[in-house]
Amino acid sequence: MKMLSPVVGGWYKDLQTNALFEVVDWDPSNLTIETQYLDGEVSEYDLDAWREMLLERAEAPEDWRSAFELDDEDLLDPDLPMQPEDWNSPLNSIEPEAMYGVEDF
């Protein structure tokens, strides 16, 4: 069987275990491949171990975010400004209303 090249962001199916996983990192200098399975488990393989695996390319499953308990509300909307609830004016840190150690006479 022909070895599949690891592609970051690519999904693969291990034919021996029927497990789906995504390649999250490929380091050609160390010859290591980091993967993340649907249950959130992260694994690292060296290139020799990768070559011995029986793999086929797979499509990303529809519910791949469920293991990480993400939903559409967790996504950041770049059009909405971020305003923390405890937002203070930058001048408050430069010119505080009260100066500690100094009393008004």
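Note that the structure is a prediction, hence the values are computed from the model and not measured. (Residues numbered from 1 in each chain as written. Predicted model: local features only at pLDDT ≥ 70, side-chain atom pairs only at ≥ 80, totals over all residues. Heavy atoms only, no water.)

**Q** Would you take a moment to explain the overall build of the protein for this structure?
**A** Looking only at helices and strands, one finds two helices and five strands in the protein. Scanning the protein from its N terminus toward the C terminus, one meets helices and strands in the order β-β-β-β-α-β-α. Split into buried and exposed, the 105 residues of the protein put 19% on the buried side. Sequence separation of at least 24 residues holds for 40% of the intrachain contacts in the protein that already meet a minimum separation of 6. A total of about 8900 Å² of accessible surface is found on the protein, and carbon and sulfur atoms cover 50% of it. (Helix = DSSP H or I, 4+ residues; strand = E, 2+ residues; numbered from the N terminus. Buried < 20%, exposed > 50% of the residue type's maximum accessible area, 1.4 Å probe, protein only. Contact = heavy atoms within 4.5 Å. Areas by Shrake-Rupley, 256 points an atom, 1.4 Å probe, with all protein chains shown as cover.)

**Q** I'm lost on the packing of aromatic side chains in this one. Help?
**A** The geometry of an aromatic ring pair is captured by two quantities: the separation of the ring centres and the angle between the planes. The full count for this structure, using the stated rule, is four aromatic pairs. On the basis of an interplanar angle of 25 degrees and a centroid distance of 5.9 Å, the ring pair of Tyr12 and Phe21 is categorised as stacked. (Phe/Tyr/Trp six-rings, centres within 6.5 Å; stacked < 30°, edge-to-face > 60°.)

**Q** Would you take a moment to explain the environment of Glu41 for this structure?
**A** Relative to the helices and strands, Glu41 resides in the loop between strand 3 (32–37) and strand 4 (42–46). For the pair Glu41 and Phe21, spaced 20 residues apart in sequence, the C-alpha separation works out to 9.2 Å. Discounting chain neighbours no more than four positions away, the residues touching Glu41 are Thr35 and Gln36.

**Q** How should the pattern of salt bridges be read in this particular structure?
**A** Pairs can form between side chains of opposite charge once their charged atoms are near each other. Evaluated as defined, the whole model comprises one salt bridge. Between Asp48 and Arg51 there is a salt bridge, and its shortest N-O distance comes to 3.7 Å. A residue pair is termed a helical-turn pair when its members lie 3 or 4 positions apart in one helix, as Asp48 and Arg51 do in helix 1 (residues 47–52) at three residues. (Salt bridge = Lys/Arg side-chain N within 4 Å of Asp/Glu carboxyl O.)

**Q** I keep staring at the sheet that holds strand 5 (residues 55–58) and nothing clicks. Help me out?
**A** Within a sheet, adjacent strands bond to each other through the backbone by hydrogen bonds, running parallel or antiparallel. Read from one edge of the open sheet, five strands run 4-3-2-1-5, paired in antiparallel fashion. Unpaired on one side and paired on the other, strand 4 and strand 5 mark the two borders of the sheet. On average, each strand axis in the sheet is inclined to that of its neighbour by 40 degrees, with strand direction left out of account. Examined bridge by bridge, strand 2 (residues 19–27) and strand 3 share six bridges and lie antiparallel to one another. Each residue of the ladder has a partner; that of Asp25, found in strand 3, is Glu34. (Pairing = 2+ DSSP bridges. Axes fitted to C-alpha atoms, helices over the stretch in contact; angles between N-to-C directions.)

**Q** Can you walk me through the nonpolar core in this structure?
**A** Most often, soluble globular proteins keep nonpolar side chains buried together rather than apart. Judged by nonpolar contacts, Leu4, Tyr12, Phe21, Val23, Ile33, Tyr37, Tyr45, Leu47, Trp50, Met53 and Leu55 together constitute the single largest core of 11 residues. Residue assignment for this core shows that the elements contributing at least two residues are strand 2, strand 3 and helix 1. (Core = buried A, V, L, I, M, F, W, Y, C linked by side-chain atoms within 4.5 Å.)

**Q** What should I look at first to understand the pairing of strand 2 in this one?
**A** Side chains on a regular strand alternate between the two faces of the sheet. Direction of pairing for strand 1 (residues 11–14) relative to strand 2: antiparallel, over a ladder of four bridges. Residue Trp11 lies in a different strand from strand 2, and its bridge partner there is Glu22. What sits between strand 1 and strand 2 in their antiparallel hairpin is a turn of four residues, with Asn18 showing a positive phi close to 60 degrees. Between the end of strand 2 and the start of strand 3, which pair antiparallel, lie four residues, with Leu31 showing a positive phi angle near 55 degrees.

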